[in-house]
Amino acid sequence: MENHEKFMAEAIRYSEENIKTGLGGPFGAVVVREGQIIAGSGNRVTSSNDPTAHAEVSAIRLACKELNTFDLSGCVIYTSCEPCPMCLSAIYWARLDKVYFGNTKVDAAEIGFDDKFIYDELDKPVAERALPVVQLMRNEALGAFSMWSESQSKIEY
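Owing to the predicted nature of the structure, the values given are computational and were not obtained by experimental measurement.

**A few points about the layout of surface pockets**
- Size it by volume and the largest pocket reaches roughly 310 Å³.
- Every residue lining the largest pocket is counted, 19 residues in all, and those nearest its centre are Phe27, Asn43, His54, Phe113 and Asp115.
- For the lining of the largest pocket, the secondary-structure elements that each account for two or more residues are helix H2 (45-48) and helix H3 (55-67).

Okay, structure coming up:
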């Protein structure tokens, strides 16, 4: 078995284990570096009462903790399903080198996990989105940005 298939099988194992244990939805992910699994997780949304605890985000959090870094360059992620918009964003922010996925977003939608509305909302101007978004106190908020720009102790990311 190719390593890619071995790692994907492990992500799928997490997704199936999640169903058996009732820890969350049918999703799993593993983060791999240099041919070794650094971290893996299933979806933990319902068991942790955390809507951001998707399998990919949970695996990224564990990998960052394990490697003591917020930068996962040099790592790849294997996920049992095509990442949702939040997970894809987290993958970009974590700087993972590549994504391998099993099920598609269409497959997920067919069992009730449809993210199309989020993709549609992102294409709309802020004022036209279903969720009201109101800007307040921009000038005051800019103070923190000025402090950041001038800080000598900031850690770029």
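There is more to say after this.
**Here we look at the pattern of salt bridges**
- Scanning the entire structure with this criterion turns up six salt bridges.
- Between Asp50 and Arg61 there is a salt bridge, with the nearest N and O atoms lying 3.4 Å from each other. On the criterion of sequence distance, the pair formed by Asp50 in the loop between H2 and H3 and Arg61 in helix H3 is long-range, its members being 11 residues apart.
- Note on Arg61: relative accessible area 43%, which makes it partly exposed.
- Where Lys124 meets Glu121, a salt bridge forms, and the shortest distance between an N and an O atom there is 2.9 Å.

Scoring rules and cut-offs
Residues numbered from 1 in each chain as written. Predicted model: local features only at pLDDT ≥ 70, side-chain atom pairs only at ≥ 80, totals over all residues. Heavy atoms only, no water. 1 Å grid on protein atoms, 1.4 Å probe; cavity = no way out; pocket = protein on both sides within 12 Å on 5 of 7 lines; lining within 4 Å. Points joined across faces, edges and corners; volume = space filled by probe spheres on them. Helix = DSSP H or I, 4+ residues; strand = E, 2+ residues; numbered from the N terminus. Salt bridge = Lys/Arg side-chain N within 4 Å of Asp/Glu carboxyl O. Buried < 20%, exposed > 50% of the residue type's maximum accessible area, 1.4 Å probe, protein only.

Keep in mind these numbers describe shape, not what the thing actually does.
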